[in-house]
Amino acid sequence: MSTPILDILWIIPLLPLLGAATNGLFGKKWPNKIVNTVALSATGLSFAAALEAVREFFEQGQKLVHKEFFDWIVAGSFRAGFDLQMDQLTVIMVLVVTGVGFLIHIYSTGYMSHEGGYYRFFSYLNLFMFFMLILVLAANYVLLFVGWEGVGLASYLLIGFYFLKKSASDAGKKAFIVNRIGDFGFMLGMFLLFKTFGTLDFTELFAKAAPWSHESWGVFGTFTVACLLLFTGACGKSAQLPLYVWLPDAMEGPTPVSALIHAATMVTAGVYVVARSHILFTHSETALIVVGTVGCATAFFAATIGLVQTDIKKVLAYSTVSQLGYMFLGCGVGAFSAGIFHLMTHAFFKALLFLAAGSVIHAMGGEQNMLHMGGLSKKIKVTYWTMLIATLAIAGFPPLAGFFSKDAILGEAFQREGGWHSLYVVGLLTALLTSFYMFRLIFLTFHGKQRYDEHHVHVHESPWSMLGPLVILALLSIIGGWLAAPSFWGGEDHFTAFLAPVFGAGHAEGEAALSEAAAHSLELTLAIVAVAAAALGWATAFWLYLRQPGKPAEIAKSLKPIYNTLYNKYYVDEAYGAAIVKPLLAISTNVLWKVVDVAMIDGTVNGIATGATATGHVTRRTQSGNTRSYAVWVVVGALTILIIVFWPAIRALAGGAQ
Amino acid sequence: MVPTHYYLILSAILFGLGAVAFVFKRNIITIFMSIELMLNAVNLAFVAFSQAFGKVEGQVFVLFVIVVAAAEAAVGLGIIILIQRNRQSLNIEKVNLLKL
Amino acid sequence: MNPALLIFWVLAGLAVLGALSLVWQRHPIHSALSLIVVMVCLAGLYLLMGAEFVAMVQIIVYGGAIMVLFLFVIMLLNAGEEEHTDFSKLAKFAGLPLALALTASLAALAYKQDASVPTPTQAFIPGATRQISSMLFKEFVYPFELTSFLILVAIMGALVLAQREKK
């Protein structure tokens, strides 16, 4: 059968690249309408192409599609080409990236319409789409790394979009530098994989790796080390402990950027890599445990910080870090398809949350502090209802999307034998905290008394270019979870079945064999516990912020040290500054600059020049301008040649004379 | 018959004396004459070898040397006249405009 | 001692004395006359070795033309006694030792190379002049013609150099 789009799979990333180039090179003089058209058509056509490619994929029987387009690196027996592939996992990722990306592009036309540098924004946004698509379509680690680095670059450009503001440009630099640390680990992981297996192509690598023996806990063999290194990169890109510090600062960028990059797509790249490398991870028990533990710890840690933040975007930022922790928890217990499922549903409701927050900020004329909001629910109805739907989704209330995905992860975590119950408990606790702080956000922003001055702030609803995507995403948040309804609801887990060719059966390792009825009742119990936790969170927030609005301040005062620690993000940034940044700067200034660069390198170079000058001064003496000394030099020269030519005779003479 | 090396040693002594005068004298014309002395010493060596080997090429070469010396003397003395005109002195140490 | 050797010692001694006089004399005219003495002695030595043609050419060209030219120039330029300037330190201190070293090394080499130089079988080469002329016009005709060209160039050069400036 003919697969026209699958044959030119590169068209999917190419269209945004063309859009970026066009807008970047020519957009400065164009009116907003033309910039819009270029950017939206680039992304829209890319989305259409992605849909068509997926349709063809299904039509040809869901077989893995691996296309090699041109040779990029050929060195000896190593080949890394511009190869793109499509399998079930790619289908999910590419649809999420292009679909949600397209919606956010539409939103941005409304949100950024009054901002300067309009063409630059869309150029960078399209550039980001290009790199992200390269990342998800890549068929080998090298090309994936190109996309990996590229999204880091786009993130830097977009976070520092308001580059005249120092905090924004600093945040951009911070993001890039912290990511770099992760990237270093990623590269080392790639090198180790190359050294061990001789190839970095996914299909080949995984085929070679599959028959190797598993490494149990505590054994630091090849798989463990490589996976831990890859996970370091994932920690950097997906903002896990300890490399999460850039994500809250990244809120300096415009809100659509936060929605697209730091909620729906870029930060999920780390989860994607772990899921894609699942064969490698399942060979190493240590790596899986580390992934799961770090994910769970990050989820809890970030949730605690989010409890007391007052900036609406910062709350959402920490929420993102927390939810990413959930995804890694899912991968860590071996439930890769559950992790990817949560990735997909999170993309929907987190993007919706950010876009709605942007709508609120737009309505409030730029105000971001929740303490200065309140009582907006009647005034900006569409924003309120879509944001409420997203909050219900993230808190995990059925039948919205978040319930199914979070439940899948927690269920798999519970079913593992051994110490995984601790992870389940922490995960459940985090779910409670998530529900609490999200509803806190809703109540502070939309309910209660009006805490702003109406004369200064004219609250108005956003244009439909912004509201349209909100509604679509709300719809997806509602129905998105129905793909993987747990069995006791009578539905099949379509999602896991769909990803089965990639991940295998998708159940956690070491799962005890439960009978079907027992499995059903366990699922039902866990679901009820999860919903109960979410409801408890909602109730606490309701009581604290609506019934007793003065209570939170009292609690904060009485628990002042704890409150301050949480409010100041556990002072992590300050700790990094003192422990890492300051010594590094000191070494750079005093050792590398003053000693190595100035004294040694400059000294050597200048020394050579001075030496040449000095030699010149000395040899200048021969050219004295005095003819008599030249005459002497002539005689000296004659004598020298004589001695050189007649050296054996001279030696004989001397020998004979003695 | 005179042994050949007598001529050669004489040639060496004359050449050396020419070199001494070349270095020591300050009058340009005298220096030039010392050069002629050195050339003559070389001529003597050539003729000595020509007699020793019994071949006549040595003497042919001497003729060429004399011709070249003549041409060189002509042009050189012309230059010396010009120097005298320009520097008003025949002291070679006065010809030092290239001195730093 | 055979007469040839005697004549050699006389002529050689005179030549060396003439050269020494050239070095020592203060006035260039005396140096020129000493040089003439050296040249005549050398011509005598050439005759002793049987190179008559070379001896004649030496006297006629060297003694009769070149040295006369020198004398003319000395008289034209009114060269006086030498001044005592000493701008070159190098020449003052290193000149004499080096030149003497040159002399000594050459002399020593000449003395020691005695073995490789064959003993002359005859006192002089018979028919040397005829051989020289035939060589000049057969093997060495090209350099011979070039020397005439060289002399032409030298004449032109000397003419140009010694012109009076056009007022």
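None of the values given here were measured: they were computed from a predicted structure.

About the criteria used
Residues numbered from 1 in each chain as written. Chains lettered and ligands numbered in written order. Predicted model: local features only at pLDDT ≥ 70, side-chain atom pairs only at ≥ 80, totals over all residues. Helix = DSSP H or I, 4+ residues; strand = E, 2+ residues; numbered from the N terminus. Rg over C-alpha atoms; globule rule 2.2 N^0.38 Å. Buried ≥ 20, exposed ≤ 12 C-beta atoms within 10 Å, placed from the backbone. Contact = placed C-beta atoms within 7 Å. Pairing = 2+ DSSP bridges. Axes fitted to C-alpha atoms, helices over the stretch in contact; angles between N-to-C directions. Parallel < 35°, antiparallel > 145°, perpendicular 65-115°, else oblique. Domains from an automatic or database assignment. pLDDT = per-residue confidence, 0-100. Expected span 1.5 Å × (residues − 1). Core = buried A, V, L, I, M, F, W, Y, C linked by C-beta atoms within 7 Å. Nonpolar A, V, L, I, M, F, W, Y, C, P; charged D, E, K, R; others polar. Left-handed = near helix turned anticlockwise from the far one by under 90°.

Peer 1: Sorry if this is basic, but what is going on with the overall build of chain C here?
Peer 2: Summing up its helical and strand segments, chain C has six helices and zero strands in all. Element order for chain C, N to C, with α for helix and β for strand: α-α-α-α-α-α. The C-alpha radius of gyration computed for chain C amounts to 21 Å, which surpasses the reference 15 Å derived for 167 residues by more than 25%, pointing to a less compact arrangement than a globule. Dimensions of chain C, computed from C-alpha atoms along their principal axes, come out at roughly 60 × 40 × 25 Å. A total of 167 residues make up chain C; the buried ones form 29% of that total. In chain C, of all internal contacts separated by at least 6 residues, the share reaching a separation of at least 24 is 55%.

Peer 1: Is there a simple way to explain the overall build of chain A in this structure?
Peer 2: Secondary structure assignment for chain A yields 27 helices and two strands. Taken over 658 residues, chain A has a buried fraction of 49%.

Peer 1: Hey, could you run me through the pairing of strand 1 (residues 65-75) of chain A in this one?
Peer 2: Look at any regular strand and the pattern is simple: side chains alternate between the two faces of the sheet. Residue and element names in this part refer to chain A. In the sheet, strand 1 pairs with strand 2 (residues 78-86) via nine bridges, with the strands oriented antiparallel. Residue pairing for strand 2: Glu68 is matched across the bridge by Asp83. Between the antiparallel neighbours strand 1 and strand 2 lie two residues, among them Gly76 with a positive phi of about 65°.

Peer 1: How do you make sense of the packing of helix 2 (residues 28-53) of chain B against helix 3 (residues 57-87) of chain B when you look at a structure like this?
Peer 2: For any two helices packed against each other, the geometry is given by the interaxial angle and the distance between the axes. Residue and element names in this part refer to chain B. Contact pair helix 2 / helix 3: the axes reach a minimum separation of 9 Å and the direction vectors enclose 175°. Put simply, helix 2 runs roughly antiparallel to helix 3. Across the interface between the two elements, Ile28, Ile29, Phe32, Glu36, Leu39, Val42, Asn43, Phe46, Val47, Phe49 and Ser50 of helix 2 pack against Glu57, Gly58, Gln59, Phe61, Val62, Val65, Ala69, Gly76, Ile80 and Ile83 of helix 3.

Peer 1: What am I meant to see in the domain arrangement of chain C here?
Peer 2: Where the parts come together, the accessible area they lose is often given as the size of the interface. On domain assignment, one finds that chain C holds domain 1 (1-80) and domain 2 (126-167). For domain 1 of chain C and domain 2 of chain C, the distance between their C-alpha centroids amounts to 22 Å.

Peer 1: Would you explain the confidence of the model for chain C in this entry?
Peer 2: As a note on interpretation, predicted positions should not be read in detail where pLDDT is low. Across chain C, the average pLDDT comes to 86, with 93% of residues at or above 70. Note on the complex model: pTM 0.71, ipTM 0.91.

Peer 1: I tried to follow helix 15 (residues 312-332) of chain A on my own but got confused; where do I start?
Peer 2: In an α-helix, one turn spans 3.6 residues, which is why side chains three or four residues apart end up on the same side. In this model helix 15 of chain A runs 30 Å from its N-terminal to its C-terminal C-alpha over 21 residues, within 8% of the 30 Å that 1.5 Å per residue would give. Counting buried positions over the 21 residues of helix 15 of chain A gives 21, a clear majority of the element.

Peer 1: Can you help me understand the nonpolar core in this one?
Peer 2: Here is a general trend for soluble globular proteins: nonpolar side chains tend to be buried in one another's company. Ranked by internal contacts, the top residues of the largest apolar core, which has 200 residues, are A:Phe128, A:Ala351 and A:Leu352. In terms of residue count, helix 16 (residues 336-363) of chain A provides more of this core than any other element does, 18 residues in total. The two domains that each donate at least three residues to this core are domain 1 (1-283) and domain 2 (292-337 + 359-546) of chain A. If we skip the residues at most four places from it in the chain, A:Leu352 touches A:Thr386, A:Ala390, A:Leu470, A:Leu473, A:Ala474 and A:Ser477. By size, the runner-up hydrophobic cluster in this structure holds 82 residues, among which are B:Ala19, B:Phe24, B:Ile29 and B:Ala74.

Peer 1: Looking at this structure, how should I read the interface of chain B and chain C?
Peer 2: Contacts between the two partners involve 64 residues from chain B and, on the opposite side, 75 residues from chain C. Elements represented by at least two residues in the side of chain B that touches chain C include exactly helix 1 (4-24), helix 2 and helix 3 of chain B. For the side of chain B that touches chain C, the element with the highest residue contribution is helix 3 of chain B, accounting for 22 residues. Along the lines of polarity and charge, the residues of the side of chain B that touches chain C split into 44 nonpolar, 15 polar and five charged.

Peer 1: Help me understand the packing of helix 16 of chain A against helix 20 (residues 464-479) of chain A in this model?
Peer 2: All names here are of chain A. In contact at an axis separation of 9 Å, helix 16 and helix 20 are set at 150° when each is read in the N-to-C sense. The orientation of helix 16 with respect to helix 20, classified from their angle, is roughly antiparallel. Crossing angle aside, the handedness with which helix 16 passes helix 20 is left-handed. Side by side, helix 16 and helix 20 meet where Phe348, Phe349, Ala351, Leu352, Leu355, Ala356 and Ser359 of the first sit next to Met466, Pro469, Leu470, Leu473, Ala474, Leu476 and Ser477 of the second. Each residue belonging to the contact of helix 16 with helix 20 can be placed in one class, and the counts come to twelve nonpolar, two polar and no charged.

Peer 1: Hey, could you run me through the interface of chain B and chain A in this one?
Peer 2: In this complex, chain B contributes ten residues to the contact, which on the side of chain A involves eight residues. Classifying every residue of the side of chain B that touches chain A by side-chain character gives seven nonpolar, one polar and two charged.

Peer 1: Would you mind going over the environment of A:Ile340 with me for this structure?
Peer 2: Residues and elements named next belong to chain A. Following the sequence through the fold, Ile340 ends up in helix 16. Between the C-alpha atom of Ile340 and that of Met327, which follows or precedes it by 13 residues, the distance is 7.1 Å. In this structure Ile340 touches Leu89, Ile92, Ala275 and Leu499, once residues within four positions along its chain are discounted.

Peer 1: Hey, could you run me through the environment of B:Phe24 in this one?
Peer 2: Relative to the assigned elements, B:Phe24 resides in helix 1. Residues within four places of B:Phe24 in sequence aside, it is in contact with C:Val23 and C:Gly95.

Peer 1: I tried to follow helix 3 of chain B on my own but got confused; where do I start?
Peer 2: Between its first and last C-alpha atoms helix 3 of chain B spans 44 Å; for 31 residues at 1.5 Å apiece the expected length is 45 Å, and the two agree. Regarding helix 3 of chain B, the residues found buried are B:Gly58, B:Gln59, B:Val60, B:Val62, B:Leu63, B:Ile66, B:Val67, B:Ala73, B:Ala74, B:Gly76, B:Leu77 and B:Ile80. Turning to helix 3 of chain B, the residues buried within the fold contact helix 2 of chain B together with helix 3 (52-77), helix 5 (128-137) and helix 6 (141-162) of chain C. Directly beyond the C-terminal end of helix 3 of chain B, a positive phi value near 55° is found at B:Gln88.

Peer 1: Looking at this structure, I do not really get unusual backbone geometry. What am I missing?
Peer 2: A cis geometry characterises the amide bond from A:Leu241 onward to A:Pro242, with omega recorded as -10°. With respect to the element layout, A:Pro242 can be found in the loop between helix 9 (222-237) and helix 10 (246-249). Not every positive phi belongs to a glycine, and A:Tyr571 is a case in point at roughly 55°. With respect to the element layout, A:Tyr571 can be found in the loop between helix 24 (560-567) and helix 25 (572-619). By C-beta crowding, A:Tyr571 is classed as exposed, having 12 other C-beta atoms within 10 Å. In this structure, B:Gln88 takes a positive phi of about 55° despite not being glycine. Since 9 C-beta atoms lie within 10 Å of it, B:Gln88 is described here as exposed.

Peer 1: Help me out: how do you make sense of the confidence of the model for chain A in this one?
Peer 2: Looking at chain A, the pLDDT average stands at 84 and 94% of residues meet or exceed 70. Predicted confidence for residues 506-513 of chain A stays below pLDDT 50, and this span has 17 contacts to residues more than four positions away or in other chains.

Peer 1: What exactly am I supposed to notice about the environment of A:Tyr452 here?
Peer 2: Residues and elements named next belong to chain A. Here Tyr452 is to be found in the loop between helix 19 (420-446) and helix 20. Measuring from C-alpha to C-alpha, the distance between Tyr452 and Leu371 comes to 8.7 Å, with 81 residues separating the pair along the chain. The contact partners of Tyr452, leaving out residues within four places of it in the chain, are Glu367, His372, Met373 and Val457.

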